[in-house]
Amino acid sequence: MVLYGDGDSAIRLPNGELKTSTDASGVYRLTGLPAGSYRVMTMTPAFVEVRRKVTIGDGQTAAGIDFELVKGGVITGRITDADGHPLIEERVYLFDAEPASNQTAEKVGNVRLQNGQTDDRGIYRILGVAPGRYKVAVGNDGGNLWWRSVARRYRRVFFPGVIDPARATVIEVSEGSETSHVDITVDGPIHTFAASGVVLDEQTNKPAPNMQCWVSEQRKEFIPLEVISNSQGQFQI
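Residues numbered from 1 in each chain as written. Predicted model: local features only at pLDDT ≥ 70, side-chain atom pairs only at ≥ 80, totals over all residues. Heavy atoms only, no water.

Caption draft 1: Structural context of unusual backbone geometry. Put simply, Phe159 and Pro160 share a cis peptide bond, and its omega is 15°. For Pro160, the location among the structural elements is in the loop between strand 10 (157–158) and strand 11 (171–173). At Asn205, a residue that is not glycine, the phi angle is positive and equals roughly 60°. Among the structural elements, Asn205 can be located in the loop between strand 14 (196–198) and strand 15 (212–215). (Helix = DSSP H or I, 4+ residues; strand = E, 2+ residues; numbered from the N terminus.)

The following block contains the structure:
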């Protein structure tokens, strides 16, 4: 179980959260909380993540914040390059199949928090997927690649190997189901370039450390990246 402060609450928790585990009877308890609003979330491997909001006052105890866990579905497959080699440590994204009401210009829904990452064989498994309709993709069409130790840049491809999300295959997930062979082959890495320089303070003309630097372009195949200048004001993208 994980507990977070909710919304604009002034609550400050150690490391931003508190964690505990259930006992043999499934009972959990979090103590010593200041008054305020919280989000309580289950974190149980292979089960659908559930959240509940709870508000407590000074000296109060919030009892009966119970959860009924549902076995999530599994989506698994293999990611390879055009030569059939496995892509290692490649993030695999899960999208809602249908756009939300506020996504009038989109062909696919919001990206889900659940995602997979390939192993040394290129195989991934996305666990705890809530029942629903989804599309699976690999690659990046924009944004920071902070989570990767090696920045390979592939154009986003949806299963079963299409660029247009409208043509992607919809995967139906039910409670406890497993959908396998959701395999995707990507094209070669996008041809990229490097940019470097020094950030100077406009007033003093001295190097400016810890400054955010980025590049962006309108071409869909370009991946915007962000970096922070070092102690000498230097950056390299």
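Having seen it, we continue.
Caption draft 2: Expanded view of the environment of Thr185. Examined against the element boundaries, Thr185 turns out to sit in strand 13 (residues 184–185). Counting along the chain gives 24 residues from Thr185 to Gly161, while the straight-line C-alpha distance between them is 6.2 Å. Excluding anything up to four places from it in sequence, Thr185 contacts Thr80, Asp81, Ala82 and Val157. Polar contacts involving the side chain of Thr185 include one to the side chain of Thr80, which spans 3.2 Å. (Contact = heavy atoms within 4.5 Å. Polar contact = N/O pair within 3.5 Å; in protein donor to acceptor, adjacent residues only side chain to side chain.)

Caption draft 3: Summary view of the nonpolar core. In this structure, Ile75, Tyr124 and Val136 are the most contacted members of the largest nonpolar core, which totals 21 residues. When contributions to this core are tallied by element, the ones reaching two or more residues are strand 5 (73–80), strand 6 (91–96), strand 8 (123–129), strand 9 (132–138) and strand 11. Discounting chain neighbours no more than four positions away, the residues touching Val136 are Ile75, Val92, Tyr93, Leu94, Tyr124, Val157, Phe158, Phe159, Ile171, Val182 and Ile184. In terms of nonpolar packing, the next biggest core, distinct from the first, is built from eight residues, Met1, Tyr38, Val40 and Ile65 among them. (Core = buried A, V, L, I, M, F, W, Y, C linked by side-chain atoms within 4.5 Å. Buried < 20%, exposed > 50% of the residue type's maximum accessible area, 1.4 Å probe, protein only.)

Caption draft 4: A look at the packing of aromatic side chains. Scanning all chains against the criterion turns up two aromatic pairs. Between Tyr28 and Phe67, the aromatic rings sit 6.4 Å apart at their centres with planes inclined by 45°, giving tilted as the arrangement. Of this pair, Tyr28 sits in the loop between strand 2 (18–19) and strand 3 (36–41) while Phe67 sits in the loop between strand 4 (51–56) and strand 5, placing them 39 residues apart in sequence. A centroid spacing of 5.5 Å and a plane angle of 50° characterise the contact between Phe95 and Phe158, whose relative ring orientation is tilted. Taken as a pair, Phe95 in strand 6 and Phe158 in strand 10 lie far apart in primary sequence, 63 residues in all. (Phe/Tyr/Trp six-rings, centres within 6.5 Å; stacked < 30°, edge-to-face > 60°.)

Caption draft 5: Just the pattern of salt bridges, in detail. Going through the model one piece at a time under the given rule, you end up with six salt bridges. Two residues, Arg125 and Glu178, come together in a salt bridge whose shortest N-O distance is 3.2 Å. On the criterion of sequence distance, the pair formed by Arg125 in strand 8 and Glu178 in strand 12 (residues 178–179) is long-range, its members being 53 residues apart. Exposure remark for Glu178: the relative accessible area of 48% places this residue in the partly exposed category. The shortest N-O distance in the salt bridge between Arg133 and Glu172 comes to 2.6 Å. Residue Arg133 is found in strand 9, and its partner Glu172 is found in strand 11; the two are separated by 39 residues along the sequence. Beyond isolated ion pairs, a larger network of salt bridges with shared partners links Glu98, Arg133 and Glu172. (Salt bridge = Lys/Arg side-chain N within 4 Å of Asp/Glu carboxyl O.)

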